[in-house]
Amino acid sequence: MGADHERLYTDHAPTGNAQDLLRLACDLESNGDLRAAATAYDQAHLLAPSDAEVTDARRSLLDQMAIKEHGIIFRYVPAGTFLMGSDTGEPDERPVHPVRLGDYWLAETPVSWATYCDLMGWEPPPAGHPEQIPEKGHGRVPPGFILHEANKIRLQYCEDETTRALDWHAHTSPHEWTGGDGEKVGSRTMFGEPERDDPRRPWGYGRKPMVSVAWQEAEELCERLSTSDIGYSLPTEAEWERAARGGLAGCRYPWGDVPPNAELCDFDRFNDFSILPTHRLPPNGYGLYAMAGSVWEWTSDWYDADYYRTSPGSNPTGPSTGTERVLRGGSWADCADAVTASFRMSRPAVTWRDGEWGGHMTPNIGFRLCRKRRPGDPTG
């Protein structure tokens, strides 16, 4: 690899001419080196983000490199170096530091409840559980009770057409109770009919993120899907932030520095008690939806407020131990300060299999999958 080619992967603030990089990218693409071409397009975009020729060529190649597996679209994030953190954010976002990453694919959207159940081999929503539920865990209550409580939250917030949750029980549509007179009463009769965009549509759970997810549950899916050729995981914190920035340098949000609004981000709607369908708002420069707002997303890193001061410059994976995992992106219930590309949050989590109530049992925590090449991967 020549010096100019090597700089494609190491320069976080490229110098030179965007048109020269564009020509290099086109040559690399013509020669079939799509990975290097994508990085060159990315560097040109950093220099000239408003250049339509650069933007169109970059988008065309990134679209070409997208992969659909397991019913999920994975968007390609080129290898390269970016500036991680913020000098104007919270103390744990400092210092800003260059991070070099290899290439990877990130799911276009957070995983939906319907997708999770399908890939785990569970009963589909609104049941949303495996065929066999352990009778006992390590906690004080049966694991099935914890799963049922999490599903009650999902029934509220994950249904495609629902525009506002009613309460913790309102969407248990298959359930019914017997009144004092012996008459069967359905949940909708007891709690009211939820507001829906189109009441004529069948109830579905594929257009909004799954919520109330423990990071252990996400890792369980990753382990189930991974093979000797293709590895699935939660993204590292660095991988998540690079992807969220969408190829922009130094911007506060995934779309740039324009403050968030209702046309750009699902945020600041705590009183609305609802999540917008993931594709309703525009994607960022890597074709990723809802990297700001919607739901907090788990990363694979343990949280350490001072980690940035000592983290390695290449492919950091976070501290070796900890008590809480990092969450990124903010959510529909959070203010503008929490939906930046650099804001950090963390929580502990306990899988429902342990029979404990974890800090993830809220309607605004989900996850998306990261896909990486392994030796033998035919897409590499």
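The structure displayed is predicted, hence computed values, not measured ones. (Residues numbered from 1 in each chain as written. Predicted model: local features only at pLDDT ≥ 70, side-chain atom pairs only at ≥ 80, totals over all residues. Heavy atoms only, no water.)

Participant: Looking at this model, I keep getting lost on the sheet that holds strand 12 (residues 325-328). Mind explaining?
Facilitator: Backbone-to-backbone hydrogen bonds pair the strands of a sheet. The strands run either parallel or antiparallel. The sheet built from four strands is open, its strands ordered 13-12-11-14 with mixed pairing. If you trace the sheet from one side to the other, it starts and ends with strand 13 (344-347) and strand 14 (365-366), each paired once. Strand direction decides the pairing type here: strand 12 and strand 13, joined by four bridges, are antiparallel. Directly across from Leu-327, in strand 13, lies its bridge partner Met-345. (Pairing = 2+ DSSP bridges. Helix = DSSP H or I, 4+ residues; strand = E, 2+ residues; numbered from the N terminus.)

Participant: Where do I start with the confidence of the model for the chain in this structure?
Facilitator: Residues shown with low pLDDT carry predicted positions that ought not to be read at fine detail. Per-residue pLDDT for the chain averages 90, and the proportion of residues at 70 or more is 87%. Per-residue pLDDT stays below 50 along residues 168-174; that stretch engages in 25 contacts with residues further than four places along the chain or on separate chains. (pLDDT = per-residue confidence, 0-100. Contact = heavy atoms within 4.5 Å.)

Participant: It is not clear to me how the sheet that holds strand 10 (residues 230-233) should be interpreted in this structure. Could you clarify?
Facilitator: The sheet built from five strands is open, its strands ordered 1-2-5-15-10 with antiparallel pairing. The open sheet terminates on both sides in strands that have one partner only, identified here as strand 1 (67-69) and strand 10. With direction set aside, neighbouring strand axes in the sheet form an average angle of 30°. Inspection of the sheet shows strand 5 (residues 104-107) paired to strand 15 (residues 370-373) by two bridges, in the antiparallel sense. By the bridge assignment, Leu-106 is partnered in strand 15 with Cys-370. (Axes fitted to C-alpha atoms, helices over the stretch in contact; angles between N-to-C directions.)

Participant: What is the right way to look at the packing of helix 5 (residues 113-120) against helix 8 (residues 215-225) in this model?
Facilitator: Helices that pack against each other are described as a pair by the angle of their axes relative to one another and the distance between those axes. Orientation of helix 5 relative to helix 8, taken along the N-to-C sense of each, is 50°, at an axis distance of 10 Å. Taken together, the axis directions place helix 5 and helix 8 in an arrangement best described as oblique. For the pair helix 5 and helix 8, the crossing hand works out as left-handed. Taken together, the residues of helix 8 that come into contact with helix 5 (itself represented by Tyr-116, Leu-119 and Met-120) are Glu-217, Glu-220, Leu-221, Arg-224 and Leu-225. (Parallel < 35°, antiparallel > 145°, perpendicular 65-115°, else oblique. Left-handed = near helix turned anticlockwise from the far one by under 90°.)

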